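Coordinate analysis (summary)
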Amino acid sequence: MTHRRTGVDRTRTLRSQAETESLAAALALALAPGDAVLLSGPVGAGKSAFARAAIRARQASTGLTPEEVPSPSYTLVQAYDAGGVEIWHADLYRLSDPDELVELGLDEAFTRAIVFLEWPERLGEAAPARALRLDLRPDPAADDVRQLRVRAAGGGWDAALAALAMADAA
Ligand SMILES: Nc1ncnc2c1ncn2[C@@H]1O[C@H](COP(=O)(O)OP(=O)(O)O)[C@@H](O)[C@H]1O
Ligand SMILES: [Mg+2]
């Protein structure tokens with residue numbers, strides 16, 4: 001197949017927090033160092049819940065006891081070990097200056113860690129060109145329902161998209 005997956009863009013409904021968490025867990029096992037998952041959506045959409053479930057699932061899959069994964073709202077970044085693979089959880093909501101990104105070590109983390117990052121809008125030009133963009137939106141009609149939009153930029157996302165059950169049907 002010569003088809004190149006530029007512009008994969010899919011949406012699916014997550015009917016409960018448990019569904020969000022199991023999807024995050026499935027995705028976590030399909031990621032490799034260098035993969036960036038950019039989580040957008042309003043406060044309370046479930047970005048941290050998604051990242052937390054993913055990190056804990058990846059740790060559990062390597063035989064580690066899953067750690068507490070608090071929202072890194074104040075530290076902005078938090079690194080976790082998952083059996084030789086580093087996973088970063090970043091929340092840039094309080095980032096005041098893009099220059100801070102270098103101090104935080106994020107640009108370097110993008111090259112060698114799995115990164116879950118909230119508020120990717122704050123990255124500006126530091127946003128990685130190759131990224132899996134997940135956008136979570138609350139459903140105005142139902143408390144625990146979220147719409148998940150998945151966009152894959154750059155190649156190499158087939159395993160991740162399959163884990164999200166969002167692979168191209170073609
Ligand atoms: N389907 C769902 N997916 C994710 N979170 C959900 C869902 N349904 C309810 N929630 C709740 O929504 C809130 C999401 O909070 P959080 O993950 O901190 O959001 P964010 O990081 O996007 O600000 C949590 O209180 C969680 O229990
Ligand atoms: Mg959050």
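In the nomenclature of an unreviewed UniProt entry, the protein chain is known as tRNA threonylcarbamoyladenosine biosynthesis protein TsaE of Halovulum marinum. Within the UniProt record for the protein chain, the comment given under Sequence similarities (unreviewed entry) is "Belongs to the TsaE family."

Thoughts on the overall build of the protein chain
Assigned secondary structure in the protein chain consists of five helices and seven strands. Starting at the N terminus and walking to the C terminus, you meet the elements of the protein chain as β-α-β-α-β-β-α-α-β-β-β-α. Radius of gyration (C-alpha) of the protein chain: 15 Å, near the 15 Å computed for a compact globule of 170 residues. Looking at the protein chain as a whole, 44% of its 170 residues are labelled buried. Contacts spanning at least 24 positions in sequence make up 62% of the contacts within the protein chain whose residues lie at least 6 apart. Looking at the protein chain as shown, the accessible area adds up to about 8400 Å², and 51% of this sits on carbon and sulfur atoms. Separation between the mean location of the 18 positive side-chain charges and that of the 24 negative ones in the protein chain comes to 7 Å.

Observations concerning the coordination of the magnesium ion (ligand 2)
Around the magnesium ion (ligand 2), the protein supplies Ser 48 (OG) and Glu 118 (OE) as donor atoms, at distances of 2.1 to 2.2 Å. Of this pair, Ser 48 sits in helix H2 (residues 47–61) while Glu 118 is found in strand E5 (residues 114–118), placing the two residues 70 residues apart along the sequence. Judged on exposure class, the residue Ser 48 and its partner Glu 118 are both buried.

Some points on the environment of Leu 38
Relative to the helices and strands, Leu 38 is located in strand E2 (residues 36–40). With 30 residues separating them in the primary sequence, Leu 38 and Val 8 have C-alpha atoms 15 Å apart. When neighbours within four sequence positions are excluded, Leu 38 is seen to be in contact with Leu 117, Pro 120, Leu 123, Pro 128, Ala 131, Leu 132, Arg 133 and Leu 134.

A word on the packing of aromatic side chains
Evaluation of the coordinates by the stated rule reveals one aromatic pair. Relative to Trp 119, the ring of Tyr 93 has its centre 4.8 Å away and its plane inclined at 55°; by these criteria the two rings are tilted. Here Tyr 93 is found in the loop between strand E4 (85–91) and helix H3 (100–104), whereas its partner Trp 119 is found in the loop between E5 and strand E6 (131–139), with 26 residues between them in sequence. Taking relative accessible area as the criterion, Tyr 93 reaches 40% and is therefore assigned partly exposed. Residue placement shows Arg 130 over the ring face of Trp 157; its charged tip is 4.1 Å from the ring centre.

Section: the site of ligand 1
Around ligand 1, the surrounding shell holds 14 residues, and the nearest of these are Gln 17, Thr 20, Gly 44, Lys 47 and Ala 49. Contacts to ligand 1 include Glu 118, whose side-chain N or O atom sits 3.1 Å from an oxygen atom. For ligand 1, a nitrogen atom lies 2.8 Å from a polar atom in the backbone of Asp 144. Broken down by class, the residue content of the shell around ligand 1 amounts to four nonpolar, six polar and four charged.

Quick notes on helix H1 (residues 17–29)
The end-to-end C-alpha distance of H1 is 19 Å, a good match for the 18 Å that 13 residues give at a rise of 1.5 Å each. Looking only at H1, the buried set comprises Thr 20, Leu 23, Ala 24, Leu 27 and Ala 28. The arc that holds every buried residue of H1, seen down its axis, measures 140°, which confines them to one face. Seen from the buried face of H1, the exposed residues on the opposite side, beyond 90 degrees, are Ala 18 and Leu 29.

Rules of the game
- Residues numbered from 1 in each chain as written.
- Chains lettered and ligands numbered in written order.
- Predicted model: local features only at pLDDT ≥ 70, side-chain atom pairs only at ≥ 80, totals over all residues.
- Heavy atoms only, no water.
- UniProt positions renumbered as here; feature names shortened; annotations may be inferred.
- Helix = DSSP H or I, 4+ residues; strand = E, 2+ residues; numbered from the N terminus.
- Rg over C-alpha atoms; globule rule 2.2 N^0.38 Å.
- Buried < 20%, exposed > 50% of the residue type's maximum accessible area, 1.4 Å probe, protein only.
- Contact = heavy atoms within 4.5 Å.
- Areas by Shrake-Rupley, 256 points an atom, 1.4 Å probe, with all protein chains shown as cover.
- Lys, Arg positive; Asp, Glu negative; His and termini not counted.
- Charge placed at Lys NZ, Arg CZ, Asp CG, Glu CD.
- Donors = N, O, S within 2.8 Å, 3.2 Å for Na, K, Ca; no water.
- Phe/Tyr/Trp six-rings, centres within 6.5 Å; stacked < 30°, edge-to-face > 60°.
- Lys NZ or Arg CZ within 6 Å of the ring centre and 35° of its normal.
- Near = heavy atom within 4 Å.
- Polar contact = N/O pair within 3.5 Å; in protein donor to acceptor, adjacent residues only side chain to side chain.
- Nonpolar A, V, L, I, M, F, W, Y, C, P; charged D, E, K, R; others polar.
- Expected span 1.5 Å × (residues − 1).
- Arc of directions from axis to C-beta.

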